[in-house]
Amino acid sequence: MSLLKLLALDDEDLTVISAAMQDAVLRVEDLEFDKRNNQFLLTANRFAWEKRKGFLKKEHERRRTVLAFKRVSNVKMRGFNASDDDEVLSLLALRFLETDEGPEGELELVMSGNAGILLNVECIEVQLTDTGGAWGTRFKPKH
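Residues numbered from 1 in each chain as written. Predicted model: local features only at pLDDT ≥ 70, side-chain atom pairs only at ≥ 80, totals over all residues. Heavy atoms only, no water.

## What about the nonpolar core?
Basically, it comes down to this: Buried Ala, Val, Leu, Ile, Met, Phe, Trp, Tyr and Cys residues form a nonpolar core when they are joined through side-chain atoms within 4.5 Å. The classification of residues rests on relative accessible area computed with a 1.4 Å probe and restricted to protein chains. Under 20% of the type maximum is buried, over 50% is exposed, and intermediate values are partly exposed. Contacts between residues were defined by any pair of non-hydrogen atoms, one from each residue, lying within 4.5 Å.
If you look at the biggest cluster of nonpolar residues, it comprises 31 residues, and the most contacted ones within it are Phe69, Leu107, Leu109 and Leu119. Those residues in contact with Leu107 that sit more than four places away from it in its chain are Leu14, Phe69, Leu94, Arg95, Phe96, Ile117, Leu118, Leu119, Val121 and Val126.

Rendered as structure tokens:
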């Protein structure tokens with residue numbers, strides 16, 4: 001089993017992590033803002049797009065993955081109840097919105113259903129780490 005481990009330090013890198021995390025599902029309880037360390041953590045079940053081979057493959061894979069966002073000063077959530085630990089969210093994309101001359105800006109986690117999370121960051125520093133848990137699924141996200 002090959003585990004994915006990626007680091008994003010610019011917008012181009014972030015695009016790669018965004019593609020790897022597209023259609024990841026998570027529960028609200030899997031979100032954590034560590035103010036003391038300026039870090040926002042997200043643990044999700046990501047769809048392993050890189051494991052697909054051909055259009056006719058019937059067995060797909062999901063993996064347990066942690067996203068760590070560093071240098072986070074503030075977190076805003078919209079479109080979901082942040083106190084409902086069992087609410088399920090589906091991550092669609094990650095976007096960086098640079099403010100002024102950069103490198104600071106806002107990192108947006110775009111979720112389905114018009115939900116989202118906005119992180120104020122000093123710069124882009126995002127780490128994706130597969131934690132080892134993986135399982136097969138017959139369901140592939142449709143767009």
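What follows continues from the structure just given.
## Digging into the confidence of the model for the protein
For clarity, the threshold we go by: Note: pLDDT gives the predictor's confidence per residue, expressed from 0 to 100. The way it works is that DSSP assigns letters per residue, a run of H or I at least four long becomes a helix, a run of E at least two long becomes a strand, and they are numbered from the N terminus.
Residues of the protein with pLDDT of at least 70 account for 90%, and the chain-wide mean is 89. Within the protein, the element-level pLDDT minimum falls on strand 10 (residues 126-137), averaging 84, and the maximum on strand 3 (residues 31-34), averaging 98.

## Observations regarding helix 1 (residues 11-21)
To be explicit about the condition: To obtain the arc, one takes the directions from the helix axis to the C-beta atoms. The term polar contact refers here to a pair of N or O atoms within 3.5 Å; inside protein, the definition further demands a hydrogen-donor-capable atom paired with an acceptor-capable atom, and it admits residues adjacent in sequence only when both atoms are side-chain atoms.
Looking only at helix 1, the buried set comprises Leu14, Ile17, Ser18, Ala20 and Met21. Seen from one end, helix 1 has its buried residues packed into an arc of 160°, which puts them on one side. Exposed residues on helix 1 whose side chains face more than 90 degrees from its buried face are Glu12 and Thr15. Taking the backbone nitrogen of Glu12 as reference, a side-chain oxygen 3.2 Å away marks Asp10 as the first, capping residue of helix 1. Just downstream of helix 1 lies Asp23, where phi reads positive at about 75°.

## Details of the packing of aromatic side chains
Put simply, the test is: Aromatic rings from Phe, Tyr and Trp, taking only the six-membered ring of Trp, are treated as a pair when their centres fall within 6.5 Å; an angle between ring planes under 30 degrees marks them as stacked, one over 60 as edge-to-face, and anything in between as tilted.
Tallied over the entire structure, the rule returns one aromatic pair. Seen from their ring centres, Phe40 and Phe69 are 6.1 Å apart, and the 50° between their planes marks the pair as tilted. Taken together, the residues Phe40 in strand 4 (residues 39-47) and Phe69 in strand 5 (residues 60-70) connect sequence positions 29 residues apart. The exposure class assigned to Phe40 is buried, which follows from its relative accessible area of 1%. Under the relative-accessibility criterion, Phe69 is labelled buried at 1%.

## Some points on the environment of Phe40
As for Phe40 and Arg71, which are separated by 31 residues in sequence, their C-alpha atoms are 8.6 Å apart. In contact with Phe40, not counting residues within four places along its chain, are Leu31, Glu32, Phe33, Leu67, Ala68, Phe69, Val72, Val75, Met77, Ile117 and Leu119.

## Regarding the pairing of strand 4
How we decide: Two strands make a pair as long as DSSP finds a minimum of two bridges between them.
Within strand 4, seven of the nine residues are buried, leaving the element largely enclosed by the surrounding structure. Two elements, strand 3 and strand 4, share four bridges in a ladder whose sense is antiparallel. Bridging across to strand 4, Asp34 finds its partner in Gln39. A loop of four residues connects strand 3 with strand 4, the two strands running antiparallel in sequence, and Asn38 in this loop sits at a positive phi of about 50°. Bridge count between strand 4 and strand 5: nine bridges; the pairing is antiparallel. Note that in strand 5 the partner of Thr43 across the bridge is Val66.

## Here we look at the pattern of salt bridges
Applied cut-off: Each reported salt bridge corresponds to a side-chain nitrogen of Lys or Arg within 4 Å of a carboxyl oxygen of Asp or Glu.
Under the counting rule described, the total for this entry stands at nine salt bridges. The partner of Arg71 in a salt bridge is Glu125, and the shortest N-O contact between them spans 2.8 Å. Pair noted here: Arg71 is in the loop between strand 5 and strand 6 (72-78) and Glu125 is in the loop between strand 9 (116-121) and strand 10, with a separation of 54 residues, a long-range link. A relative accessible area of 39% places Arg71 in the partly exposed class. Overlapping salt bridges bring together Arg27, Glu29 and Asp86 as one network.

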